[in-house]
Every structure is written in structure tokens, then in C-alpha cells.
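These are the residues of each chain, in order.
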Amino acid sequence: MFHHDVVVVGGGLIGLACASAIAREGLRVVVVASADQGAASPASAGILAPTVGKATDATRALAITARDLYPGFLEALAERTGLHVPLDRSGILELALRDAEASALRASLRSGSEWIDDTELRRLEPLIAPGVGGVLHHEDGAVDAPALLAALTADVRGDPHISLFDHRVTGIDAAQQPLVAELAGGERVEADYVVVAAGAWVGSIRGLPRPLPVTPVRGQMLAFDGPRMRHVVMGSRGYLVQRGNSSLVGGTMEHAGFDAGTTAEGAGLLQQLAIELSPSFAHRRVRAHWAGLRPMTPDLLPIIGADPDFGRLFYACGHSKNGVLLAPLTARIIGELVARGRTSVDVTPYAPNRSWKIDR
Ligand SMILES: Cc1cc2nc3c(=O)[nH]c(=O)nc-3n(C[C@H](O)[C@H](O)[C@H](O)COP(=O)(O)OP(=O)(O)OC[C@H]3O[C@@H](n4cnc5c(N)ncnc54)[C@H](O)[C@@H]3O)c2cc1C
């Protein structure tokens, strides 16, 4: 039996960012992380798009806060690790290829986003398909998700307050004090606090006091060779994003259980989508094809906070399509909650016992 201040279950972007934030509050943390095929974080496109879509005012404000934490978050990470994670804040272009899309986009414009005509759109991004205009989301952009995961891993490995165990947590007993995490090999880890950040697999942990409605939704991505796109480009069915010398296209939304394999059908769909957004993709070579499992909730919002009945058990899961965007904010919230028992952020929309609404 080992004892730590805090056990974090899961070693994706969310678990690592939370572990780092908690350790900087002075607590000793163990991250127990298994290497499941299909983890979302390394598969992610890394788009930071809080102003795209139809979020409520409260959830949009939280997402904008998350985005705006990024520059300082990456700067501090670079100071600790020497690793500089590429961040693009040059704006996202949301294309309207048909009149109906244009009307819907124009009707939903909010502050921080501006309608621009096709000529201006092509001046900003010469490679896009002819359309009827689009929206420039000025402050949004993208982060290099695999580089971020590598930097957070280095951060956690280099922190004397954090240990990293390559194990699977099979069960949690939150009724005991200290709490107990049971590992697949039969070992038990005791801790004063447990943070559950197990991505799409959270439902397989025995003993959690409440059911968490998190299901895996597979996303496939393709990487192409070819000329650089200057912006993240989004259409109604998917997106293009530049990462280093590759242009990525994503992402499918598939209910395939825990199957994280790629398919020829997925590749065909993504190729079609890329050409629809930019005809230049018709002649580009596919460099890589991969898939990951999004941890999806019914309302697409994460579950962040203490269990209402067991105040030393915390959830940081169900980040759905926005886990990269929300990683620094989640880490701040969990770091504050674990170390101080309260957070400066209004986390009501993320409450573990909220009533669940249908997909937006
Ligand atoms: C194709 C694709 C594109 C995406 N694009 C974007 C995007 O552009 N922008 C954005 O913000 N988000 C995006 N996302 C979503 C984002 O990637 C996720 O929301 C985020 O990565 C979730 O992070 P996580 O740490 O919760 O989960 P994961 O990265 O899946 O990590 C969970 C980890 O926990 C481990 N684990 C699970 N169960 C246990 C256990 N019992 N014991 C120990 N360890 C365990 C797993 O092995 C895994 O490593 C995308 C996702 C996909 C798949």
C-alpha cells in the first residue's frame, strides 16, 4: 500500500495538466496512467475555437477564458521544461460554401467574430474553395496538441512532487478516509484526494459514487503534404489545420465503441471534405492517418468538480470536442479545488450532478 496526497487517474492532457497544477500548490501527486489505444489527446487537432458554435453565454465565457489562459500557460511550461509549444492565434476562418450556411452564420454572429466577403476571405487564405463568404473568429486558433502533451509529460516527469505510474486503476473507494485506488495488479494506492481524468474510459472504473455519462466518439484525422494554410479553416462538416509542414483534416464523429482503428471509409470521407474546403487537397499526398476517442457527454460540456457526496473525490473528464481548449482552465480549477477547497471560476455549467441535456 502506497500513500500520496493526491492520486490522478489518467495521463492525457487533462490528467497531466491537473497533476502539474496540484503539485505547484505544494501537494505530492501520483499520476496513475495506462496506455490505452485511442487516447484523445495525441489524436487531437488542437483547435482553440471558443467563439465558433452556439454555446450559451456562460459556457462561451468559460471557453474564452480557457483560450486566453494559453499564452501564459505555455510560457510557464516553457520556463519549467525548456519546450516551446507552437500556438497559433491568427484567427479561425469559418466558411460558408452555400447561401443557407451564410444566412445561418450571419444570424449567429457574436462579439469577436466578423463576417467577411469571399474576396477578403481569399485574400486571407488564397487556397480555400470558392464560396459566399465566411466568418473570421479573430482571437481563436490552434495549439500543437502532441507537442503540448510532450511538454506536459516532461513537466510532470521533472517535478519532484509528482510520480508517474504506468498502471490501470480498476476501482476507487471514496467512502474510506484516506481514499483508495485499486490497481489492475491488485496493488492499492491510498490518497487524501483522487482526481478522475480517465477520458473516454471513465465508465470502466468500479466504485464511483455516480454514473458519469461519458461515451467514446471516434474521430479520424488525415495529415497531408503540401502548401501551408495560414489559418484554421472550418466548414460545416469538418476542418483544416496546419501543424508544422503538414495540413491536417478532421474529424469524423463515429459511434464505434472503444474501437480506435482507422478505416478506408473514414479516409475517403476526410479526403472529400478536404477538397470541399480547399481544392488544393486533390493533388496532395496523404502522410498519416490516425484516430482517437473523444470522451463525449450528452451536452458536450466537461464534468469538473468535487463529487457532491464525497468532497475529496474530483472529476476532470468528459471534455468531449474541447479538451485541448479547456486543459489549462481545467487544471486551474482542479488545482484550486484540491488545494484550497474552492475555485475562483464559476464552474456551475460543469457540475457533476447537473441535469443532462441532448447534444448540440
Ligand atoms: C480526432 C480528434 C480531434 C480533436 N480535436 C480537438 C480540437 O481540435 N480541440 C480540442 O479542444 N479538442 C479536440 N479533441 C478533443 C480532445 O482531444 C479531448 O477532449 C481531450 O484530449 C481529452 O483529454 P483527456 O486527458 O480527458 O483524455 P485522453 O487524452 O483520452 O486521456 C485519458 C488517459 O487516461 C488513461 N486511462 C483511462 N482509464 C484509465 C484507468 N482506469 N487507469 C489509468 N489510466 C487510465 C488512458 O489510457 C488515456 O491515456 C479532439 C479529439 C479527437 C479524438
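Residues numbered from 1 in each chain as written. Predicted model: local features only at pLDDT ≥ 70, side-chain atom pairs only at ≥ 80, totals over all residues. Heavy atoms only, no water.

**Some points on the domain arrangement of the protein chain**
No. 1: What the domain assignment lists for the protein chain is domain 1 (2-71 + 146-213 + 298-350) and domain 2 (92-138 + 215-296).
No. 2: Taking the mean C-alpha position of each, domain 1 and domain 2 sit 28 Å from one another.
No. 3: Domain 1 puts 30 residues into the contact, and the matching count from domain 2 is 24 residues.
No. 4: Roughly 2100 Å² is buried in total at the junction of domain 1 and domain 2, and carbon and sulfur atoms are behind 61% of that figure.
No. 5: The three residues of domain 1 that bury the most area against domain 2 are Ile47, Val52 and Ala200, which together make up 24% of that side's buried surface.
No. 6: In this structure, the connection of domain 1 to domain 2 is made through one salt bridge.
No. 7: As a salt-bridge pair, Arg110 and Asp57 come within 2.8 Å of each other at their nearest N and O atoms.
No. 8: Our count for the domain 1 to domain 2 interface comes out at ten residue pairs in polar contact (both at pLDDT 80 or more).
No. 9: Secondary structure elements with two or more residues in the side of domain 1 that touches domain 2: helix 2 (40-43), strand 3 (47-48) and helix 3 (57-81). (Domains from an automatic or database assignment. Contact = heavy atoms within 4.5 Å. Buried area = accessible area lost by both parts, 1.4 Å probe. Salt bridge = Lys/Arg side-chain N within 4 Å of Asp/Glu carboxyl O. Polar contact = N/O pair within 3.5 Å; in protein donor to acceptor, adjacent residues only side chain to side chain. Helix = DSSP H or I, 4+ residues; strand = E, 2+ residues; numbered from the N terminus.)

**Some points on the site of the ligand**
No. 1: The environment of the ligand is formed by 40 residues, the closest being Ser34, Asp36, Ser41, Ile47 and Val169.
No. 2: Contacts to the ligand include Leu13, whose backbone N or O atom sits 3.4 Å from an oxygen atom.
No. 3: Within the contact set of the ligand, an oxygen atom lies 3.0 Å away from a backbone nitrogen or oxygen of Val324.
No. 4: The protein chains hide 98% of the 1000 Å² of surface that the ligand would expose on its own.
No. 5: Mapped onto the shell around the ligand, the elements with two or more residues apiece are helix 1 (13-23), helix 2, strand 13 (215-224), strand 17 (286-296) and helix 8 (323-340).
No. 6: Per-element tally for the shell around the ligand: the top contributor is strand 17, with four residues.
No. 7: Grouping the constituent residues of the shell around the ligand by class yields 21 nonpolar, 15 polar and four charged.
No. 8: The residue makeup of the shell around the ligand includes at least three contributed by each of domain 1 (2-71 + 146-213 + 298-350) and domain 2 (92-138 + 215-296). (Near = heavy atom within 4 Å. Areas by Shrake-Rupley, 256 points an atom, 1.4 Å probe, with all protein chains shown as cover. Nonpolar A, V, L, I, M, F, W, Y, C, P; charged D, E, K, R; others polar.)

**Examining the sheet that holds strand 17**
No. 1: Judged by pairing direction, the sheet is mixed, and its eight strands sit side by side in the order 6-7-5-14-15-16-13-17 without closing on themselves. Bordering the open sheet on either side are strand 6 (113-116) and strand 17, each of which pairs with just one other strand. Direction aside, neighbouring strands of the sheet carry axes that sit 25° apart on average.
No. 2: Both strand 6 and strand 7 (residues 134-137) contribute to a ladder of four bridges, which runs antiparallel. Its bridge partner lying in strand 7, Ile116 is registered against Gly134.
No. 3: Seen against the sheet, helix 7 (residues 264-277) touches strand 5 (92-95), strand 13, strand 14 (232-234), strand 15 (239-243), strand 16 (246-250) and strand 17 and runs at an angle of roughly 60° to strand 13. (Pairing = 2+ DSSP bridges. Axes fitted to C-alpha atoms, helices over the stretch in contact; angles between N-to-C directions.)

**Quick notes on the sheet that holds strand 8 (residues 141-143)**
No. 1: Taking strand neighbours across the sheet as the criterion, the three strands line up as 3-8-4 in an open arrangement whose pairing is antiparallel. A strand with exactly one partner marks an edge of an open sheet, and here the two such strands are strand 3 and strand 4 (87-88).
No. 2: Where strand 4 lies against strand 8, two bridges are found, and the strand directions are antiparallel. In the strand pairing of strand 8, Asp88 is matched with Ala142.

**Description of the packing of helix 3 against helix 8**
No. 1: It is at 8 Å that the axes of helix 3 and helix 8 come closest, and there the two elements cross at 85°. As the angle between them shows, helix 3 and helix 8 are arranged roughly perpendicular. Contacts between helix 3 and helix 8 involve Leu62, Ala63, Thr65, Ala66, Arg67, Leu69, Tyr70 and Phe73 from the first element and Val324, Leu325, Leu326, Ala327, Pro328, Leu329 and Arg332 from the second.
No. 2: Looking at the contact of helix 3 with helix 8 residue by residue, the classes come out as twelve nonpolar, one polar and two charged. (Parallel < 35°, antiparallel > 145°, perpendicular 65-115°, else oblique.)

**Section: the packing of aromatic side chains**
To describe a pair of aromatic rings, one takes the distance between the centres and the angle between the planes.
No. 1: For the structure shown, the criterion picks out four aromatic pairs.
No. 2: Measuring from ring centre to ring centre gives 6.0 Å for Tyr70 and Phe73, while their planes differ by 75°; the resulting arrangement is edge-to-face. With Tyr70 and Phe73 both in helix 3 and three residues apart, the pair spans about one turn of that helix.
No. 3: Judged by its relative accessible area of 0%, Tyr70 falls in the buried class.
No. 4: Between the aromatic rings of Tyr193 and Phe314, the centroid separation amounts to 6.3 Å while the plane-to-plane angle is 45°, which identifies the pairing as tilted. Highlighted residues: Tyr193 in strand 12 (residues 188-196) and Phe314 in strand 19 (residues 313-317), separated in sequence by 121 residues.
No. 5: A residue is classified by how much of its surface remains accessible, and Phe314, at 3% relative accessible area, is buried.
No. 6: Just above the ring of Phe281 sits the side chain of Arg284; from NZ or CZ to the centre is 4.0 Å. (Phe/Tyr/Trp six-rings, centres within 6.5 Å; stacked < 30°, edge-to-face > 60°. Buried < 20%, exposed > 50% of the residue type's maximum accessible area, 1.4 Å probe, protein only. Lys NZ or Arg CZ within 6 Å of the ring centre and 35° of its normal.)

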